[in-house]
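# Understanding the architecture of this molecule
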Amino acid sequence: MSRGRGKISIVGAGPGDPELITVKALRRLEQADVVLYDRLVSDKLLGHCPAGTLKIYCGKAPGRHALTQSEIDRLIVDYAKVGHRVVRLKGGDPFVFGRGGEEALAASRAGIEFEIVPGVTSASGASASASIPLTHRGTAASFAVVTGSRCGEAEEPVRWDLLAQGVDTLAIYMGVSRLEEISSELIRHGRDADMPAALIENATTEAERVITGTLGSISRLAVTMKVGNPAMLLIGDTVGMREMLRPSEWENRHIV
Ligand code: SAH
């Protein structure tokens, strides 16, 4: 399997739809000796690896032990050290809440050649497939990518006060279990409770669901509709454009 000098490619797989991967990422999979992949990566993508590629699952699943970040860092370095072409395949983009920075640091510290291959991040995937622009002339001049998982924590707190007022569209990752806290923080800091909001569950996949409401109603709707992970929360006036842009209605019009 090994041929000469090893290398680590930290690769974004895109948001879910296996067609939303870059040409460069596919080339890396086609030449991989070892692939370490995450839970949110489509199985179809692994089919691009050669028959002899060693595939290592890193995510959590019932009955399976999830590798810790330091175990993953060690594995990618160890496989590359003995000359393998290592692909670390991650959902979305490796540098957006993907811990790609930690893996790049591990490679760099070990003196191993590495590269980052970007991917379509799930905010872009969800925005496109739900017909919700992240920016729109006259409506939204900025958007922010935010983690919802640290809501209410003292360490490295998210600046909800600044985000509530200073950014037009908010794309909140990892927020499903904290929707109530997130929306009340934003409302407390001056964001309009009537502002449109959407949850896009399993964006870009066949299981995609879009739930729309307002900042004030979205956490209740999520409970009623039993929204689970992974889901993207988009908050902003452009969410209201979905009604006008829905491609599904277009398709129906053509069929009829
Ligand atoms: N690196 C990834 C993000 C990993 S954090 C990226 O760039 O997209 C995991 C979070 O991403 C999830 O909690 C969810 O908020 C979001 N996410 C990932 N895939 C998603 C999908 N198909 N639909 C909606 N949200 C998704």
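Above: the structure in question.
Below or above, wherever it landed, is the structure these notes cover. Every value quoted in this text rests on a predicted model; they were computed, and no experiment measured them. (Residues numbered from 1 in each chain as written. Predicted model: local features only at pLDDT ≥ 70, side-chain atom pairs only at ≥ 80, totals over all residues. Heavy atoms only, no water.)

Only a minority of non-glycine residues have a phi that is not negative, and only a minority of peptide bonds are not trans. Going from Asn229 to Pro230, the amide bond is cis rather than trans, its omega being -10°. With respect to the secondary-structure elements, Pro230 resides in the loop between α8 (218-224) and β10 (231-235). Within the chain, Phe97 stands out as a residue other than glycine whose phi angle is a positive 45°. Considering the arrangement of structural elements, one finds Phe97 in the loop between β4 (85-90) and α4 (100-109). For Thr204, which is not glycine, the phi dihedral falls at a positive 70°. (Helix = DSSP H or I, 4+ residues; strand = E, 2+ residues; numbered from the N terminus.)

A few words on the pattern of salt bridges. Applying the stated criterion across every chain, the model contains 13 salt bridges. Between Arg85 and Asp33 there is a salt bridge, with the nearest N and O atoms lying 3.9 Å from each other. Of this pair, Arg85 sits in strand β4 while Asp33 is found in the loop between α1 (23-30) and β2 (34-37), placing the two residues 52 residues apart along the sequence. Residues Glu103 and Arg88 are paired through a salt bridge, measuring 3.1 Å at the closest nitrogen-oxygen approach. One end of the pair, Glu103, is in helix α4; the other, Arg88, is in strand β4, with 15 residues separating them in the sequence. On the basis of relative accessible area, Arg88 is assigned to the buried category, the value being 2%. (Salt bridge = Lys/Arg side-chain N within 4 Å of Asp/Glu carboxyl O. Buried < 20%, exposed > 50% of the residue type's maximum accessible area, 1.4 Å probe, protein only.)

In total, this model carries 2 aromatic pairs according to the counting rule given. Aromatic pair Tyr37 and Tyr57: ring centres 5.4 Å apart, planes at 65°, arrangement edge-to-face. Here Tyr37, found in strand β2, pairs with Tyr57, found in strand β3 (residues 54-57); they are 20 residues apart in sequence, far enough to count as distant. Just as Tyr37 is buried, Tyr57 falls in that class too. Look at Phe97 and Tyr173: their rings are 5.2 Å apart centre to centre, the planes differ by 65°, and that puts the pair in the edge-to-face class. With Phe97 in the loop between β4 and α4 and Tyr173 in strand β7 (residues 169-173), this residue pair connects regions lying 76 residues apart in the sequence. Exposure remark for Tyr173: the relative accessible area of 7% places this residue in the buried category. (Phe/Tyr/Trp six-rings, centres within 6.5 Å; stacked < 30°, edge-to-face > 60°.)

Lining the immediate surroundings of the ligand are 18 residues, of which Asp93, Val96, Thr121, Ser122 and Ala231 lie closest. At a separation of 2.7 Å, a nitrogen atom of the ligand approaches a polar backbone atom of Val96. One of the side-chain N or O atoms of Ser122 is found 2.7 Å from an oxygen atom in the ligand. Burial of the ligand by the protein chains amounts to 90% of its free accessible area of 550 Å². A per-class count over the shell around the ligand returns 11 nonpolar, 6 polar and 1 charged. Here the shell around the ligand spans two domains, and each of domain 1 (7-117) and domain 2 (122-245) adds at least three residues to it. (Near = heavy atom within 4 Å. Polar contact = N/O pair within 3.5 Å; in protein donor to acceptor, adjacent residues only side chain to side chain. Areas by Shrake-Rupley, 256 points an atom, 1.4 Å probe, with all protein chains shown as cover. Nonpolar A, V, L, I, M, F, W, Y, C, P; charged D, E, K, R; others polar. Domains from an automatic or database assignment.)

These results come straight from atomic positions and should not be treated as a statement about function.
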